Amino acid sequence: MILPIVAYGDPVLRKRAKDIEPGSIDVKTLSENMFETMYAASGVGLAAPQIGQSIRMFVADGQVLNEDEKEEDIDQSVVGFKKVFINPEIIEEAGEDWGFEEGCLSIPGIRGEVIRPEIIVIRYFDTDWNEHEEEYDGMAARIIQHEYDHLEGKLFTDYLPSLRRQLIRKKLADITRGKTDAEYKMKFPK
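Reference entry: report on the structure contained in this document. Here the structure is a predicted model, which means the values were calculated and not measured.

1. Digging into unusual backbone geometry
Despite not being glycine, Ser42 shows a phi value in the positive range, around 60°. You can see Ser42 is positioned in the loop between helix H1 (27–40) and strand E2 (45–47). Taking the relative accessible area as the measure of exposure, Ser42 reaches 68% and is therefore exposed.

2. As for the sheet that holds strand E3 (residues 57–61)
With antiparallel pairing, 5 strands are arranged side by side in an open sheet as E2-E3-E4-E5-E6. Across the chains shown, the open sheet's two edge strands, defined by having one partner strand only, are E2 and strand E6 (131–137). Here the average twist between neighbouring strands, direction ignored, is 30°. Of the strand pairs in this sheet, E3 and strand E4 (residues 82–102) are connected by 5 bridges, and their pairing is antiparallel. Looking at the pairing, Phe58 lines up with Phe85 of E4. Each of E2, E3 and E4 touches H1; the most contacted strand, E3, lies at about 50° to it. This element, helix H2 (residues 138–151), spans E2, E3, E4, strand E5 (112–125) and E6 of the sheet and lies at about 115° to E4.

3. Describing the nonpolar core
In this structure, Met34, Leu46, Met57, Val59, Ile107, Ile110 and Phe156 are the most contacted members of the largest nonpolar core, which totals 34 residues. Sorting the residues of this core by element identifies strand E1 (5–6), H1, E3, E4 and helix H3 (162–176) as the ones contributing at least two each. Top element by residues in this core is H1. It accounts for 5 residues. Once you skip the residues sitting within four places of it in the chain, Ile110 turns out to touch Glu102, Gly103, Cys104, Phe156, Arg164, Ile168, Lys171, Leu172 and Ile175. One finds Ala47, Ile90, Met139 and Leu151 within the second-largest nonpolar core, a separate group that totals 19 residues.

4. Comments concerning the pattern of salt bridges
Counting across every chain of the model gives 15 salt bridges. Residue Arg142 pairs with Glu102 through a salt bridge whose shortest N-O separation is 2.6 Å. With Arg142 in helix H2 and Glu102 in strand E4, this residue pair connects regions lying 40 residues apart in the sequence. You'll find Arg142 and Glu102 in the same group, each marked buried. Between Asp149 and Arg116 there is a salt bridge whose closest N-O contact spans 3.0 Å. Taken together, the positions of Asp149 in helix H2 and Arg116 in strand E5 put the pair 33 residues apart, joining distant regions of the chain.

5. Brief notes about the packing of aromatic side chains
With the rule as written, the count across this model stands at 7 aromatic pairs. Between Phe85 and Tyr136, the ring centres sit 6.3 Å apart and the planes meet at 70°, which makes this aromatic pair edge-to-face. With Phe85 in strand E4 and Tyr136 in strand E6, this residue pair connects regions lying 51 residues apart in the sequence. Each member of the pair, Phe85 as well as Tyr136, carries the same accessibility label: buried. Each residue in the set Phe58, Phe81, Phe85, Tyr124 and Tyr136 is aromatic and connected to the rest through ring pairs, giving one cluster. Above the ring of Phe35, the side-chain terminus of Lys82 is found at 4.7 Å from the ring centroid.

Definitions and limits used
Residues numbered from 1 in each chain as written. Predicted model: local features only at pLDDT ≥ 70, side-chain atom pairs only at ≥ 80, totals over all residues. Heavy atoms only, no water. Helix = DSSP H or I, 4+ residues; strand = E, 2+ residues; numbered from the N terminus. Buried < 20%, exposed > 50% of the residue type's maximum accessible area, 1.4 Å probe, protein only. Pairing = 2+ DSSP bridges. Axes fitted to C-alpha atoms, helices over the stretch in contact; angles between N-to-C directions. Contact = heavy atoms within 4.5 Å. Core = buried A, V, L, I, M, F, W, Y, C linked by side-chain atoms within 4.5 Å. Salt bridge = Lys/Arg side-chain N within 4 Å of Asp/Glu carboxyl O. Phe/Tyr/Trp six-rings, centres within 6.5 Å; stacked < 30°, edge-to-face > 60°. Lys NZ or Arg CZ within 6 Å of the ring centre and 35° of its normal.

In short, geometric facts, not functional conclusions.
Structure, rendered in C-alpha cells:
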C-alpha cells in the first residue's frame with residue numbers, strides 16, 4: 001500500500017522516534033508498505049516518521065543508484081543493498097568526512113551538500129527480529145545516516161550553512177503549506 005509522505009513542518013519529523021517492541025506491530029507488512037511508498041516516490045530510503053509513525057524503523061534500497069552506470073562507475077557499497085532497519089543504533093563512525101548533495105522525500109525540490117563520515121557501524125534488527133551488527137561505507141553509509149537522522153528528529157537541512165538555510169526558508173514554508181510539485185502523495189501539517 002502506498003502511503004502519503006509527511007511534509008516538512010509536521011512535528012513528527014522533529015521528534016526522537018520510539019523503539020519498537022517485538023510483536024507490537026507487523027513490521028513485515030509495514031516494511032513492504034514503506035518500500036512500495038519509497039519506490040513510488042523514486043526514493044532510496046524512507047523512515048517511519050516520514051509516513052507519520054514515530055517509531056525507530058527505516059527501509060533503504062540504494063541499488064537504483066547503479067542503474068545506467070558503466071561497469072567502472074558501479075558503486076560497490078550499494079550492490080545488493082536493500083534492507084529494513086529496526087531499532088537501529090549507529091555505534092561507530094570513521095573514515096574521511098565527505099560531502100554529497102542530498103535531498104529528502106519530505107522536502108521535495110530542495111537539495112544541499114551534507115558532510116558525513118565515510119564509514120559507519122550499525123546495530124539493528126531485521127523483520128524476523130534477528131540482531132545484526134554491520135559496517136557500511138560510501139553511499140550505503142550515507143543513506144543509512146540520512147534515514148537514521150529521521151529517527152533522531154533531524155533533517156538534512158539542519159546540516160546546511162546558515163546562509164543556505166536562510167535562502168531556502170520561503171521554499172520550506174511553501175512546502176509546509178502544501179505548495180509543492182511533488183509527483184507523489186503527501187500529507188501536510190494542519
